[in-house]
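# Chain and residue survey
Residues per chain are reported as follows:
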Amino acid sequence: MRDKFFKNKEVNKIALIAPSATLIEIKNYQVTYKKQVKTPTEITGSVKCVNPNCITNHENIISEFTVIKNPDGEIKLQCHYCEKMTGKKNMEFI
Ligand SMILES: [Zn+2]
């Protein structure tokens, strides 16, 4: 059940901010667990849509994004509702 140590939502956030990060669990000064984060293909409910007119910012709707990874490794999120791209710079976690 080691995967529970890092909650999925947290891991997804880390994967978006630092796609090549490795999560390390340390106990008694020893590394007990290592996990390479994987960039998710979809993000639900963790990020705010960049578009101020987006329905997810006005109504009680959970945001949904498709994760788009550029060849240079840059990550963008495309909103399912308004199709606007939220870039890393504008990413606001909720
Ligand atoms: Zn949107």
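Below or above, wherever it landed, is the structure these notes cover. Because the structure is a prediction, the values reported are computed rather than measured.

Our focus in this paragraph is the overall build of the protein chain. If you tally the helices and strands in the protein chain, you get one helix and eight strands. Along the protein chain, helices and strands appear, N-terminal first, in the series α-β-β-β-β-β-β-β-β. With respect to the three principal axes, the spread of C-alpha positions in the protein chain is 50 × 30 × 20 Å. Within the protein chain, the proportion of its 94 residues that are buried is 29%. Long-range contacts, defined as pairs at least 24 residues apart, comprise 43% of the intrachain contacts of the protein chain with a sequence gap of at least 6. Carbon and sulfur atoms form 50% of the exposed surface of the protein chain, whose accessible area is close to 6600 Å². Both charge centroids of the protein chain, one from 15 positive and one from 10 negative side chains, sit 7 Å from each other.

This part takes up the coordination of the zinc ion. Those protein atoms acting as donors to the zinc ion are Cys49 (SG), Cys54 (SG), Cys79 (SG) and Cys82 (SG), and they sit at 2.2 to 2.4 Å. Here the zinc ion binds four donor atoms, and the angle range of 100 to 115° at the metal identifies the geometry as tetrahedral. Counting residues between consecutive donors of the zinc ion along the chain gives the motif C-x4-C-x24-C-x2-C. Taking relative accessible area as the criterion, Cys79 reaches 2% and is therefore assigned buried. Look at Cys82 and you get partly exposed, because its relative accessible area is 25%.

Below, the discussion takes up unusual backbone geometry. Positioned with a positive phi, Tyr29 is a non-glycine residue whose angle comes to about 65°. The residue Tyr29 is located in the loop between strand 1 (22-27) and strand 2 (30-36) in this model. Positive phi is not limited to glycine here, since Glu83 has a value of about 65°. In this fold, Glu83 is placed in the loop between strand 6 (75-79) and strand 7 (85-87).

Quick look at the pattern of salt bridges now. On inspection of all chains with the given rule, the structure shows one salt bridge. Across the pair Lys27 and Glu25 runs a salt bridge whose closest N-O atoms are separated by 3.4 Å. We classify Glu25 as buried; its relative accessible area is 3%.

Rules used in this analysis
- Residues numbered from 1 in each chain as written.
- Predicted model: local features only at pLDDT ≥ 70, side-chain atom pairs only at ≥ 80, totals over all residues.
- Heavy atoms only, no water.
- Helix = DSSP H or I, 4+ residues; strand = E, 2+ residues; numbered from the N terminus.
- Buried < 20%, exposed > 50% of the residue type's maximum accessible area, 1.4 Å probe, protein only.
- Contact = heavy atoms within 4.5 Å.
- Areas by Shrake-Rupley, 256 points an atom, 1.4 Å probe, with all protein chains shown as cover.
- Lys, Arg positive; Asp, Glu negative; His and termini not counted.
- Charge placed at Lys NZ, Arg CZ, Asp CG, Glu CD.
- Donors = N, O, S within 2.8 Å, 3.2 Å for Na, K, Ca; no water.
- Tetrahedral: all angles 85-135°; square planar, octahedral: opposite > 155°, others 65-115°.
- Salt bridge = Lys/Arg side-chain N within 4 Å of Asp/Glu carboxyl O.

Nothing here speaks to function; it is geometry throughout.
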